[in-house]
Amino acid sequence: MIGIIAAMNVEMEGLRAHMENPVSETVSGVTFVRGTIAGREVVTAVCGIGKVFAALCAQTMILRYAPEAVINTGVAGTLTNELTIGNLAVSSCVVQHDMDTSAIGDPVGLISGINKIEIPADRTLIRRLCAAAQAIGVRALTGCIASGDQFVASPGRKTFITDTFSAIACEMEGAAVGQVCYVNQVPFCVLRAISDSADGSSHMDYPVFAQMAAEQSVRLLLTFLQG
Ligand code: ADE
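What counts and how
- Residues numbered from 1 in each chain as written.
- Predicted model: local features only at pLDDT ≥ 70, side-chain atom pairs only at ≥ 80, totals over all residues.
- Heavy atoms only, no water.
- Helix = DSSP H or I, 4+ residues; strand = E, 2+ residues; numbered from the N terminus.
- Contact = heavy atoms within 4.5 Å.
- Core = buried A, V, L, I, M, F, W, Y, C linked by side-chain atoms within 4.5 Å.
- Buried < 20%, exposed > 50% of the residue type's maximum accessible area, 1.4 Å probe, protein only.
- Near = heavy atom within 4 Å.
- Polar contact = N/O pair within 3.5 Å; in protein donor to acceptor, adjacent residues only side chain to side chain.
- Areas by Shrake-Rupley, 256 points an atom, 1.4 Å probe, with all protein chains shown as cover.
- Nonpolar A, V, L, I, M, F, W, Y, C, P; charged D, E, K, R; others polar.
- Phe/Tyr/Trp six-rings, centres within 6.5 Å; stacked < 30°, edge-to-face > 60°.
- Salt bridge = Lys/Arg side-chain N within 4 Å of Asp/Glu carboxyl O.
- Expected span 1.5 Å × (residues − 1).

Draft legend 1. How the structure looks around the side chain of T60. Relative to the assigned elements, T60 resides in helix α2 (residues 51–65). Not counting residues up to four positions away in its chain, the partners in contact with T60 are V27, S28 and F32.

Structure, rendered in structure tokens:
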């Protein structure tokens, strides 16, 4: 069974429309919908926005459904000129750009409990997601995806994240899902469609672009699940 987590309904509803024999269950305030998509067993959840909700959801999903892998999907802001609205970012690793214990001598971004800044995503998932992107003719770039509890919408914050972590996209959940999967030894990957420029210049159009971008990640996941 593959676990698929999105933060918002708009990022999940297109995928759930393809689900057969759905069975819902709510645990710890998260509704998990289990069923088959393209003949594959999946469990899906809309976790809510931010790292705490994402972690809570991922841990509950792992304990309750024991997925063989977890994919966090949805939309993200771009951190590179190589990714524009509608393109896809596939995580090679995830970082938490708002994790900072540098005042006591750690490097910025260090998650001290596991002594890592970057949490690596699963190579097989990366390869299969990129292959699915190629199959549907959507541009996908693999690189580090940065998560934090803030909607990035200023050139200053964008530059900080790019300079500190060389990340290609920013969002608010992927690294929390990644950390939970890492400590539980569950393969994971983050797949995000670009919805905005993360510098404040396009965020007024965010709802429109987010809807469009979410449809791209749904298309890709359907192809991935068919493969
Ligand atoms: N999700 C989509 N765009 C984002 C941004 N600019 N910052 C954080 N999360 C996002």
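Draft legend 2. Representation of the nonpolar core in the model. One finds F32 and L129 to be the most contacted residues of the largest nonpolar core, which totals 71 residues. With residues near it in sequence (within four places) discarded, F32 still touches V23, S24, E25, V27, V43, T44, A45, C57, T60, M61 and Y65. Counting 11 residues, the second-largest nonpolar core is a separate cluster that includes L79, V95, A146 and A198.

Draft legend 3. Representation of the site of the ligand within the structure. Close to the ligand lie 13 residues, the nearest being G77, F151, V152, E171 and D196. A distance of 3.2 Å is found between a nitrogen atom of the ligand and a backbone nitrogen or oxygen belonging to G77. Between the ligand and V152, the relevant distance is 2.8 Å, taken from a nitrogen atom to a main-chain nitrogen or oxygen of the residue. In isolation the ligand offers 260 Å² of accessible surface; the protein chains occlude 96% of this area. Listing elements by their share of the shell around the ligand, those giving two or more residues are β5 (69–78), β9 (167–171) and β10 (188–196). Tallying contributions element by element places β5 first for the shell around the ligand, with 3 residues. Looking at the shell around the ligand, its residues break down into 8 nonpolar, 3 polar and 2 charged.

Draft legend 4. Summary view of the packing of aromatic side chains. Scanning the entire structure with this criterion turns up 3 aromatic pairs. Where F151 meets Y206, the ring centres are 5.1 Å apart and the plane angle is 80°; that geometry is what we call edge-to-face. In this pair, F151 is assigned in the loop between β8 (140–147) and α4 (155–165) and Y206 in helix α6 (residues 206–226), connecting sequence segments 55 residues apart. F151 sits in the partly exposed class, given a relative accessible area of 38%. A centroid spacing of 6.3 Å and a plane angle of 90° characterise the contact between F160 and F165, whose relative ring orientation is edge-to-face. The class for F160 is partly exposed, based on a relative accessible area of 29%.

Draft legend 5. Geometry of the pattern of salt bridges. Tallying each qualifying case throughout the model produces 8 salt bridges. Between D98 and K51 there is a salt bridge; the shortest N-O distance is 3.3 Å. Here K51 lies in helix α2 and D98 lies in the loop between β6 (88–96) and β7 (119–120), a separation of 47 residues in the sequence. With relative accessibility at 27%, the residue D98 sits in the partly exposed group. Among the ionic pairs, E173 bridges to R192, the shortest N-O distance being 3.1 Å. On the criterion of sequence distance, the pair formed by E173 in the loop between β9 and α5 (174–184) and R192 in strand β10 is long-range, its members being 19 residues apart.

Draft legend 6. Unusual backbone geometry, seen in detail. One non-glycine residue, S28, adopts positive backbone phi at about 50°. Within the fold, S28 resides in the loop between β2 (20–27) and β3 (30–37). Overall, the relative accessible area of 53% leaves S28 in the exposed class. The backbone phi angle of Q185 is positive, close to 55°, even though this residue is not glycine. Tracing the backbone through its elements, the reader meets Q185 in the loop between α5 and β10. Since its relative accessible area comes to 75%, Q185 is described here as exposed.

Draft legend 7. Expanded view of α6. Between its first and last C-alpha, α6 extends 30 Å over 21 residues, near the 30 Å set by a 1.5 Å rise per residue. Considered for burial, the residues of α6 that qualify are Y206, A210, A213, A214, Q216, S217, V218, L220, L221, L222, F224 and L225.

From the geometry alone we can't say anything about function, so treat these as descriptive.
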